[in-house]
Amino acid sequence: MTKRLNVAFLPQLLVEEEIEGCDVIVTDVLRASTTIISSLKNGVRCVVPCATIEEAHETKRKLGPSALLGGERGGVIIAGFDAGNSPREFPSERVAGRTLVLCTTNGTVAMERCRKANRVFVGAFVNLSAIVEKIAGSSSVTILCAGTDRRVTSEDVLFAGAVAERLLELDAELELSDQAALARDAWRQAVLRLSSGERLASILGMGSGGRNLLRLGYDADIEFCADVDRFETVPMLNLDEWIIV
Ligand code: MLT
């Protein structure tokens, strides 16, 4: 049973020493975590998260032409890459059996902060129930929100709050850090809006990351990212090999 839940609203706010021996869920709801979850579900062999464009090119060079190079800056595909960062760009016909080298502005960078963790999982609304089930047995869990350009983003906080709420349903004694309690309260506010007919996609579209995606015409991506429990896949970052499987 999970005893303690912490949330880091930004990678910069994660105290690395505090995650030693703990499990971490990295989330970047719009869109890196959703893309990682769906591409693995679609048969990607593994995802190699890269912090820089140079590292991504170098990794692809080493892996050879069968590897797929995906990533974005400002939400837009990086010049010379095979794909951007839309979860809809990685259907099984395109990705099954291939390695995805992924470089995004915030999501893949956030993973760099998790090297001291016990286990690192990737979570988003699309695998909410599955990730809760996966970490329900971990005594201490931190949810690391990727944010957007060093700013806290509402969609990541809402996801953290949804996980907190689910864990509290399993154990009302769960100890929440102040940040975890704030995330839970934000999610409870969102639940009130959902119960009065608002859609999760429209709530996700209101944050700065969401507004940027809408401006770029990625409305369908926001719908995709708001599809709660679409997948049961729970990606895990292998910290020794630095691959997500
Ligand atoms: C990121 O990692 O910054 C995001 O996933 C950006 C995006 O929506 O592509």
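Residues numbered from 1 in each chain as written. Predicted model: local features only at pLDDT ≥ 70, side-chain atom pairs only at ≥ 80, totals over all residues. Heavy atoms only, no water.

Asks: Lay out the overall build of the protein chain with the relevant residues and their values.
Replies: Counting secondary structure elements, the protein chain contains 10 helices and 11 strands. Relative to a compact globule of 245 residues, whose C-alpha radius of gyration would be 18 Å, the protein chain shows 17 Å and is just as compact. Structurally, the protein chain occupies a C-alpha span of about 50 × 40 × 30 Å along its principal axes. Across the 245 residues in the protein chain, those meeting the buried criterion constitute 56%. In the protein chain, the share of contacts with a sequence separation of at least 24, taken over all contacts with a separation of at least 6, comes to 77%. Accessible surface, the protein chain: about 10,500 Å² in total, of which carbon and sulfur atoms supply 49%. Each charge class in the protein chain was averaged separately, 27 positive and 34 negative side chains, and the resulting centres sit 4 Å apart. (Helix = DSSP H or I, 4+ residues; strand = E, 2+ residues; numbered from the N terminus. Rg over C-alpha atoms; globule rule 2.2 N^0.38 Å. Buried < 20%, exposed > 50% of the residue type's maximum accessible area, 1.4 Å probe, protein only. Contact = heavy atoms within 4.5 Å. Areas by Shrake-Rupley, 256 points an atom, 1.4 Å probe, with all protein chains shown as cover. Lys, Arg positive; Asp, Glu negative; His and termini not counted. Charge placed at Lys NZ, Arg CZ, Asp CG, Glu CD.)

Asks: Explain the site of the ligand residue by residue, including any values.
Replies: Contacts to the ligand come from Asp28, Leu30, Arg31, Ala32, Glu72, Asn85, Thr104, Thr105, Asn106, Gly107 and Leu213. Side-chain polar atom of Arg31 to an oxygen atom of the ligand: 2.8 Å apart, as the coordinates give it. Computed on the free molecule, the ligand has an accessible area of 270 Å², of which 93% lies beneath the protein chains in the complex. In a pocket analysis with a 2 Å cut-off to the grid points, the ligand is assigned to the largest pocket. Broken down by class, the residue content of the shell around the ligand amounts to three nonpolar, five polar and three charged. (Near = heavy atom within 4 Å. Polar contact = N/O pair within 3.5 Å; in protein donor to acceptor, adjacent residues only side chain to side chain. 1 Å grid on protein atoms, 1.4 Å probe; cavity = no way out; pocket = protein on both sides within 12 Å on 5 of 7 lines; lining within 4 Å. Sits in = over half its atoms within 2 Å of the grid points. Nonpolar A, V, L, I, M, F, W, Y, C, P; charged D, E, K, R; others polar.)

Asks: How would you explain the pattern of salt bridges if you had to name every residue and give the values?
Replies: When their charged atoms lie close together, side chains carrying opposite charge are able to pair. Applying the stated criterion to the full structure yields 13 salt bridges. One salt bridge connects Arg119 with Asp23, and the closest N-O pair in it is separated by 2.8 Å. Residue Arg119 is located in strand S7 (residues 119-123), and its partner Asp23 is located in strand S2 (residues 23-27); the two are separated by 96 residues in the primary sequence. Under the relative-accessibility criterion, Asp23 is labelled buried at 3%. (Salt bridge = Lys/Arg side-chain N within 4 Å of Asp/Glu carboxyl O.)

Asks: Mind laying out the nonpolar core, listing which residues take part and the relevant values?
Replies: By size, the foremost hydrophobic cluster in this structure holds 41 residues, and its most contacted members are Leu5, Phe125 and Val163. Of all the elements in the fold, those that place two or more residues in this core are strand S1 (4-8), helix H5 (128-135), strand S8 (140-145), helix H6 (154-170), helix H7 (178-195), helix H8 (200-204) and helix H10 (219-225). The element that contributes the greatest number of residues to this core is H6, accounting for nine residues. Dropping the residues within four chain positions of it, Leu5 is found in contact with Val141, Ile143, Ala164, Leu167, Leu174, Glu175, Leu176, Ser177 and Ala180. (Core = buried A, V, L, I, M, F, W, Y, C linked by side-chain atoms within 4.5 Å.)

Asks: Tell me about the packing of aromatic side chains, and please be specific about residues and values.
Replies: Scanning the entire structure with this criterion turns up three aromatic pairs. Between Phe125 and Trp187, the ring centres sit 5.7 Å apart and the planes meet at 35°, which makes this aromatic pair tilted. You can see Phe125 sitting in the loop between S7 and H5 and its partner Trp187 sitting in helix H7, a full 62 residues away along the chain. Given a relative accessible area of 0%, Phe125 falls into the buried group. (Phe/Tyr/Trp six-rings, centres within 6.5 Å; stacked < 30°, edge-to-face > 60°.)

Asks: Tell me about the layout of surface pockets, residues and numbers included.
Replies: In this model, the largest pocket occupies a volume close to 270 Å³. Surrounding the largest pocket, 17 residues form its lining, Glu72, Gly75, Asn106, Thr148 and Asn212 being those nearest its centre. Broken down by element, the lining of the largest pocket gets its largest block of residues, four residues, from helix H9 (residues 208-215). For the lining of the largest pocket, a count of residues per class yields two nonpolar, 11 polar and four charged. (Points joined across faces, edges and corners; volume = space filled by probe spheres on them.)

Asks: So what's going on with unusual backbone geometry? Residues and values would help.
Replies: A cis amide bond, omega 5°, links Leu30 with the succeeding residue Arg31. Looking at where Arg31 falls in the secondary structure, it is placed in the loop between S2 and helix H1 (32-41). In the Ramachandran plot, Arg150 falls in the positive-phi region, its phi being about 65° despite a non-glycine side chain. Note on placement: Arg150 falls in the loop between S8 and H6. The phi dihedral of Asp229 is positive, around 65°, even though this residue is not glycine. Of note, Asp229 is situated in the loop between H10 and strand S10 (236-238). A residue is classified by how much of its surface remains accessible, and Asp229, at 32% relative accessible area, is partly exposed.

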